[in-house]
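# Secondary and tertiary structure notes
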Amino acid sequence: MATISERELVSVRRSAPTPSSGTSTRPAADPRKMRRIIAEDPEWSLATVPRLIDICVKHIVGNFADNPLLDELKPKHKEKVLESLATDLPLRITAPLVSDEGYWKRCCKSRWNVCDTDQYGDSWKRMFFERNMENLIENFVPESTDITEIAETLELSKDFIKRLRIRQLLPQIKDVTVALTPEEEVSDQGSDTGTDDTLDHFDFGVIIHKLDNLEELSVTYGVRNCGMNFEWSLFEFTQKDCFLLAKAIKSCAHLQILRLQRCQIEDEKARLIISNLLQHTGLKILDLSHNKVGDRTGRAAGKLLSVNKSLEQLHLSDNQIKAEGASAIAFALKKNNTLKVLNLKLNRISDEGGKNICHALLKNTTLISVDLSSNGLGEQMAAALAEVLSRNTSLRHITISCNKLGVAGG
């Protein structure tokens, strides 16, 4: 076996490069300056080891429901937590704690395909709370659904709700255990005529008195997509419903817009609602379109215009108002100085009611838009209308389409 003598070893040591002999530019050339870790996994890399801050963020997010920690974090760490929070966390945790719009945007998009913040003051949080409350009300079944969930959600949402648009209200579930006579089993007359026992709906008095920021309430008493289960009772606005709603809106002094469309409302119920609005100091828009109201409601609307000093828009389109009701409204318009929009299209006011409206427009100086289309107006209306157009200086839009004004009407 060959051995290295002491002289040869000294020679090798002398010939070995020193740290100052140019190795500073090539650290790998000097084993003493290079530390290497040889892993059993050839794909192992130091980059795969998560940072401590990432581990902490993941832990906070994973335990947020049990230990919500947010305000104590630095802004950059708080942002990371909000980006990772689940959108299905209980509202009792997120509502009072999370104000970040980015989080509520994710919540909205996870539940609804169409999201437009233009209708919600550009606020994702307001959109979520309003639409969430609307969903709870629309799926509430009286005497079957527990009101507790709505009550708890209301406490968390009340500061953010400014508008409620209820597209359906479910009635009570019929008791199918009651025995029917053979005639009742084979006859659908009750369903066609709406003579079945009426069914009550959600009581808005439960929530309205707590919604201090509510400005608009739009309600349709009916069931959407009922299909072959259609019955008139599903679309019945009962006397009890009317009483409870009228009482609720009377106590809601900050309400500005009330819409009750397609509710099968008749004169008696409309008069009850309007009577509770006579002294309402904040209402600006009243919409009772697409119902069954007639001249008695027209007279009630006239009284409302005479007494109420805040109403700016009155919509009574697609109803059964005739000349008498239109004349009552016209009489009130002569002294009213707040109403700006009057919509009476698709009624039956005829020439008599139309001429009275025109005579009122000669004295009224605040109306800027009037719609009298599809009202059976004839040639007698033409002369009165011509006088209005020549003398009224405040009116900007008047619609008289789908009438028979004839040659005299131009």
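Use the structure listed above.
As the structure is a computational prediction, the values presented were derived from the model and not from experiment. (Residues numbered from 1 in each chain as written. Predicted model: local features only at pLDDT ≥ 70, side-chain atom pairs only at ≥ 80, totals over all residues. Heavy atoms only, no water.)

## Quick word on the layout of surface pockets
Approximately 390 Å³ is the volume found for the second largest pocket. If you trace the second largest pocket, you find 13 residues lining it, with Arg 131, Glu 134, Glu 138, Arg 165 and Arg 167 closest to the centre. Those elements that place two or more of their residues in the lining of the second largest pocket are helix 6 (124-138) and strand 1 (163-166). Broken down by element, the residue count for the lining of the second largest pocket peaks at four residues, all from helix 6. Here the lining of the second largest pocket is built from residues that sort into two nonpolar, four polar and seven charged. (1 Å grid on protein atoms, 1.4 Å probe; cavity = no way out; pocket = protein on both sides within 12 Å on 5 of 7 lines; lining within 4 Å. Points joined across faces, edges and corners; volume = space filled by probe spheres on them. Helix = DSSP H or I, 4+ residues; strand = E, 2+ residues; numbered from the N terminus. Nonpolar A, V, L, I, M, F, W, Y, C, P; charged D, E, K, R; others polar.)

## Here's the deal with the packing of aromatic side chains
Inspection of every chain in the model, using the stated rule, returns eleven aromatic pairs. For the ring pair Trp 104 and Phe 129, a centre distance of 5.2 Å and an interplane angle of 50 degrees mean the geometry is tilted. Highlighted residues: Trp 104 in helix 5 (residues 101-111) and Phe 129 in helix 6, separated in sequence by 25 residues. With respect to burial, Trp 104 and Phe 129 carry one shared label: buried. Ring geometry for Phe 230 versus Phe 235: centroids 5.6 Å apart, planes at 40 degrees, classification tilted. Under the relative-accessibility criterion, Phe 230 is labelled partly exposed at 34%. Three or more aromatic residues joined by ring pairs make a cluster, and in this case those are Tyr 103, Trp 104, Trp 112, Phe 128, Phe 129 and Phe 160. (Phe/Tyr/Trp six-rings, centres within 6.5 Å; stacked < 30°, edge-to-face > 60°. Buried < 20%, exposed > 50% of the residue type's maximum accessible area, 1.4 Å probe, protein only.)

## Things to note about the sheet that holds strand 4 (residues 285-287)
Read from one edge to the other, the open sheet built from eight strands follows the order 1-2-3-4-5-6-7-8, with strand pairing classed as parallel. Of all strands in the sheet, those bounded by a partner on one side alone are strand 1 and strand 8 (397-399). Strand-to-strand, the axes of this sheet are offset by a mean angle of 5 degrees, without reference to chain direction. Pairing geometry for strand 5 (residues 313-315) and strand 6 (residues 341-343), over three bridges, is parallel. What sits directly across from His 315, in strand 6, is Asn 343. (Pairing = 2+ DSSP bridges. Axes fitted to C-alpha atoms, helices over the stretch in contact; angles between N-to-C directions.)

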